Structure formats: C-alpha cells, structure tokens
Amino acid sequence: MSTPDTRPATTIAPEDVDAVRPRLRFFEVMAFVVGVGLLVLVVEMVLSYVFQMKGDDNPLHWWPQPHGFIYMGYLLATALLGFKVGWSLPRMVLVMLAGCVPFLSFWVERRVAREVADGLAAARR
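Below or above, wherever it landed, is the structure these notes cover. Small disclaimer: the values here were computed from a predicted structure and weren't measured.

## Quick word on the packing of aromatic side chains
Under the defined criterion, the tally for this structure stands at five aromatic pairs. Both rings, one in tryptophan 62 and one in tryptophan 63, keep their centres 5.4 Å apart while their planes meet at 85°; by these two values the pair is edge-to-face. On the basis of relative accessible area, tryptophan 62 is assigned to the partly exposed category, the value being 46%. A relative accessible area of 11% means that tryptophan 63 is categorised as buried. Look at phenylalanine 103 and phenylalanine 106: their rings are 6.5 Å apart centre to centre, the planes differ by 45°, and that puts the pair in the tilted class. When its relative accessible area of 55% is taken as the criterion, phenylalanine 103 is described as exposed. Ring pairing ties together the aromatic residues Phe27, Tyr71 and Tyr74, which thus form one cluster.

## Some details on unusual backbone geometry
A positive phi angle, near 55°, is found at glutamine 52, a position not held by glycine. Structurally, glutamine 52 is set in the loop between helix H1 (17–50) and helix H2 (64–85). Although it is not a glycine, phenylalanine 103 adopts a positive phi angle of roughly 75°.

## Focus: the side chain of glutamate 28
Inspection of the secondary structure puts glutamate 28 in helix H1. Each residue touching glutamate 28, except ones within four places of it in the same chain, is listed here: Glu109, Arg110 and Ala113.

## A word on H1
An α-helical turn contains 3.6 residues, so any two residues separated by three or four positions project in the same direction. Taking 1.5 Å of rise per residue, 34 residues should cover 50 Å, and H1 covers 48 Å from first to last C-alpha, within 8% of that figure. Looking one or two residues past H1, glutamine 52 carries a phi angle of roughly 55°, positive in sign.

## Concerning helix H3 (residues 89–98)
Restricting attention to buried positions, one finds in H3 the residues Met92, Val95, Met96 and Ala98. Viewed end-on, H3 has its buried residues packed into an arc of 155°, placing them on one side of the element. Summarising the geometry of H3, the exposed residues directed more than 90 degrees from the buried face are Leu89, Pro90 and Leu94. Structurally, H3 contributes buried residues whose contacts are with H1, H2 and helix H4 (104–124).

What counts and how
- Along each chain, numbering runs from 1 in the same order as the chain's sequence is written.
- Only residues with pLDDT of at least 70 get local features here, since the model is predicted, and only at 80 or more are side-chain atom pairs given and counted; chain-wide, interface and lining totals rely on the full set of residues.
- Side-chain measures here rest on the full set of heavy atoms in the structure, leaving out hydrogens and waters.
- Note on ring pairs: Phe, Tyr and Trp rings are taken, using the six-membered ring of Trp, and paired if centres are within 6.5 Å. Classes follow the plane angle, with under 30 degrees stacked, over 60 edge-to-face and the rest tilted.
- Only protein chains enter the accessibility calculation, which uses a 1.4 Å probe; a residue is then buried when its area is under 20% of its type maximum, exposed when over 50%, and partly exposed in between.
- Going along the chain from the N terminus, every DSSP run of H or I of four or more residues is numbered as a helix, and every run of E of two or more is numbered as a strand.
- The criterion used for residue contact is that any of the two residues' heavy atoms lie within 4.5 Å.
- Every helix has an expected span of 1.5 Å times one less than the residues it contains.
- The reported arc concerns the directions from the helix axis to the C-beta atoms and nothing else.

Written out as structure tokens, the structure reads:
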C-alpha cells in the first residue's frame, strides 16, 4: 500500500521564500489585469468586426496596443516567478499562453497562486 504524496507540486527552498513572495504577488496582479484587459479586447474586437465600428467610431480602438504592453508585463511576471520556483520551460509557456484565452488567466492564476502558496507554507516548516 502506498502513502499519498503530501509534498506541494512546487518545491521552494527555505532561503527563497522572501524572494518568491513578491514575485507571486506581481504574477497575481498581472494575471488579473491581463484577464480584465483581454475581456476589454474581446469587446473591442466585437465592436470592430461584428458591428463594423472602425477607427474613431469604435470607443475602444486605442485598446489593442496598451493591452499588448500589459501582456508583456504578464510574460515577465510569469518568467520571474517560474524561474524562481523552478518550473520547466514548457510549463512557463503554458501559463503564459493562458493569458491569451478569455477567463483562463483567472483560473490559471488561482491554481498557480494556490500551488506556490502551498510551496511557501511547506518551505516555512
């Protein structure tokens, strides 16, 4: 009979706890901002392509470029957190791609935050 593995999925060294906390917070904020920004971008695209509101007729015509810069911040936040907690490159890329799918960034952010928080709690013991 095997015993269940109670280790957190993300293992954090005790000496890294203070460095991981602000990176996790930055990731959480950026994931939320990108998620909301992506929803605004979807509205912009619906106005543009469904309702044919082009240029200044579309009240959100200016949004795609700022959203791109915000998404780059999300990529940075994911990389900073991922490298510090030892994620594989494919995992980091999957988390980064979650920011491209409406509502998925919210779900992934909660899952990642819970997993890293469990790793922080385990490292403190």
